[in-house]
Amino acid sequence: MALHLSLLLLLFSRLSVSKVSVKTGNSITIPCRYNLRYIEYVKYWCQGDYWNSCSALVRTDQPKISGTVSISDDVTRRIFSVTMTDLQPEDSGYYWCAVETTGRDQHTYLHLSVTTGTPGLYVDQQEVTGVEGGSVTVRCYYSNSGDIKWCRMGGDCVLYSGTLHGTSVTLKRTSDANNRKVLTVTMSGLKMENTDWYWCEVGELEMPVHITVSQQTATQRTIKMTSTIQAPTNQQPSASPTAELVQTDNTSQGAEGNMEDVHQRSIDVKVLLIPWGMLVVVTAGILVTWKMWTKHKDNKAKDQTTNNSVAPFPEDDDDVTYSTVILQHKAQLKVQTKAAEPDDNVVYSSLALQVTTQQRATAAQQ
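What counts as what
- Residues numbered from 1 in each chain as written.
- Predicted model: local features only at pLDDT ≥ 70, side-chain atom pairs only at ≥ 80, totals over all residues.
- Heavy atoms only, no water.
- Salt bridge = Lys/Arg side-chain N within 4 Å of Asp/Glu carboxyl O.
- Helix = DSSP H or I, 4+ residues; strand = E, 2+ residues; numbered from the N terminus.
- Buried < 20%, exposed > 50% of the residue type's maximum accessible area, 1.4 Å probe, protein only.
- Pairing = 2+ DSSP bridges.
- Axes fitted to C-alpha atoms, helices over the stretch in contact; angles between N-to-C directions.
- pLDDT = per-residue confidence, 0-100.
- Contact = heavy atoms within 4.5 Å.
- Phe/Tyr/Trp six-rings, centres within 6.5 Å; stacked < 30°, edge-to-face > 60°.
- Lys NZ or Arg CZ within 6 Å of the ring centre and 35° of its normal.
- Disulfide = S-S within 2.5 Å.
- Polar contact = N/O pair within 3.5 Å; in protein donor to acceptor, adjacent residues only side chain to side chain.

Caption draft 1: A look at the pattern of salt bridges. Evaluation of the coordinates by the stated rule reveals 7 salt bridges. The shortest N-O distance in the salt bridge between Asp196 and Arg33 comes to 3.0 Å. Here Asp196 is found in strand β18 (residues 196-202), whereas its partner Arg33 is found in strand β2 (residues 28-33), with 163 residues between them in sequence. Under the relative-accessibility criterion, Arg33 is labelled buried at 15%. Residue Asp176 pairs with Arg180 through a salt bridge whose shortest N-O separation is 2.6 Å. Using a relative accessible area of 22% as the deciding quantity, one classes Asp176 as partly exposed. For Arg180, a relative accessible area of 30% translates into the label partly exposed.

This is the structure:
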């Protein structure tokens, strides 16, 4: 039986963890990776010491929650996950990740140990998030002994330091204030394709952790660029596990990381310079337009003033005819007209005035 299980584990090339430990009352999520050809097939979670006699607890073609057990299938990443909550000591035993096929079902196993005390290996949380170009830190608490590893599901493992899919990984053994042994894993220079399931491994125990990498927002890029400019050049790395600098023995990888940082900073500067440049151009255009409009308005006002101005006095060379107008009553005008003799050299002008009723009354009294 042990030989059969070992062959299955080799066949599936570590598509899941093999031995986990959980404290009573806690929860755990187990990822199971499958081949591309099985995307459309039914996946299920089986419990039992032997494959031939195990019983399926949940399936993807049925209600995906059964009591304290649930199952979900991510066909994009070809991983189905099983979550078990409120675990009790009687839940300890062997479980199987299985894919239902037309022939023999594909399967691999793991052993779950539920303990009332402190588990031999555990994490604060199984879900960790980071941003592209940044870093994440995972702390795995352990009490057992053995080799330490950080592995990617279906991929390679790192001992102490190295790279996984182009991302720098550093492992460090430390102790916290409560004298707990801590394996601190730091992944820096994150990429979008680093989103996946990983696991801590100390000795024979393993603990799966899911890392999600998202794109940086504009605010995060600005904060990163500002902190990079203001950071002192003589800053020393902190001895605290929560603030340690990531180091790697791979010189070529370090050079690539530096080039990526420089490239990222240049992109950040360009992102800020483009809108500022556009703002300067638009502002200059507005100022030029306003100045031209103001000048045009002043010229138009001067032209109108010149055209409407009239000389208050005639020039000396102009021919001027002066006339004297004497206002008289209409009756007096008639008498004078009759008394006057016609004269060919005299030019007569008649001025007819309209007076109001009040003016006529005043004239009559006179």
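Caption draft 2: Quick peek at the sheet that holds strand β16 (residues 167-175). Strands sit in the order β10-β12-β17-β16-β15 across an open sheet of 5 strands; the sheet is antiparallel. Either end of the sheet is taken by a strand with one partner, and the two such strands are β10 (121-123) and β15 (161-164). With direction set aside, neighbouring strand axes in the sheet form an average angle of 30°. With 8 bridges connecting them, β16 and strand β17 (residues 181-188) associate as antiparallel partners. Across the sheet, the residue bridging to Val169 is Met187, located in β17.

Caption draft 3: Just the confidence of the model for the chain, in detail. Residues at a pLDDT of 70 or more form 63% of the chain, whose mean pLDDT is 76. Of the regions scoring below 50 in pLDDT, residues 1-13 engages in 14 contacts with residues more than four places distant in sequence or in other chains.

Caption draft 4: Here's a closer look at the packing of aromatic side chains. In this structure the tally under the stated criterion is 9 aromatic pairs. Residues Tyr38 and Tyr41 carry aromatic rings whose centres are separated by 5.5 Å and whose planes lie at 90° to one another, so their mutual orientation is edge-to-face. With centroids separated by 5.5 Å and ring planes inclined at 5°, the aromatic side chains of Trp150 and Tyr198 adopt a geometry described as stacked. With Trp150 in strand β13 (residues 148-152) and Tyr198 in strand β18, the pair connects residues that are 48 residues apart, well separated along the chain. For the residue pair Trp150 and Tyr198, the accessibility class agrees, reading buried in each case. Three or more aromatic residues link up through ring pairs in this structure, and these residues are Tyr44, Trp51, Tyr94, Trp96 and Tyr109. Positioned above the aromatic ring of Tyr34, the side-chain terminus of Lys43 is 4.2 Å from the ring centre. Positioned above the aromatic ring of Tyr44, the side-chain terminus of Arg59 is 5.5 Å from the ring centre.

Caption draft 5: Highlighting the state of the cysteines. Taken as a whole and judged by the stated rule, the model has 4 disulfides. Between the sulfur atoms of Cys32 and its disulfide partner Cys97 the distance amounts to 1.9 Å. Sign of the S-S torsion, about -45° for the bond between Cys32 and Cys97, identifies this disulfide as left-handed. One end of the pair, Cys32, is in strand β2; the other, Cys97, is in strand β8 (residues 93-100), with 65 residues separating them in the sequence. With respect to burial, Cys32 and Cys97 carry one shared label: buried. Covalently, Cys140 is tied to Cys200 through a disulfide, its sulfur atoms 1.6 Å apart. Of the two residues, Cys140 is situated in strand β12 (residues 135-142) and Cys200 in strand β18; the sequence distance between them amounts to 60 residues. This pair shows no difference in class: Cys140 is buried, exactly as Cys200 is. Cysteine pairing for the chain (bonded cysteines numbered in sequence order): 1-4, 2-3, 5-8, 6-7.

Caption draft 6: Layout of unusual backbone geometry. Not every positive phi belongs to a glycine, and Asp86 is a case in point at roughly 45°. Unusually for a residue other than glycine, Asn179 sits at a positive phi of about 65°. Relative to the helices and strands, Asn179 is located in the loop between β16 and β17.

Caption draft 7: Just the environment of Asp105, in detail. Assignment of secondary structure puts Asp105 in the loop between β8 and β9 (106-115). The buried category is assigned to Asp105, whose relative accessible area is 17%. Distance from Asp105 to Lys43, taken between C-alpha atoms, is 9.6 Å for residues 62 residues apart in sequence. Excluding residues within four positions of it along the chain, Asp105 makes contact with Tyr44, Trp51, Val99 and Glu100. Side chain to side chain, Asp105 and Tyr44 meet in a polar contact 2.7 Å long.

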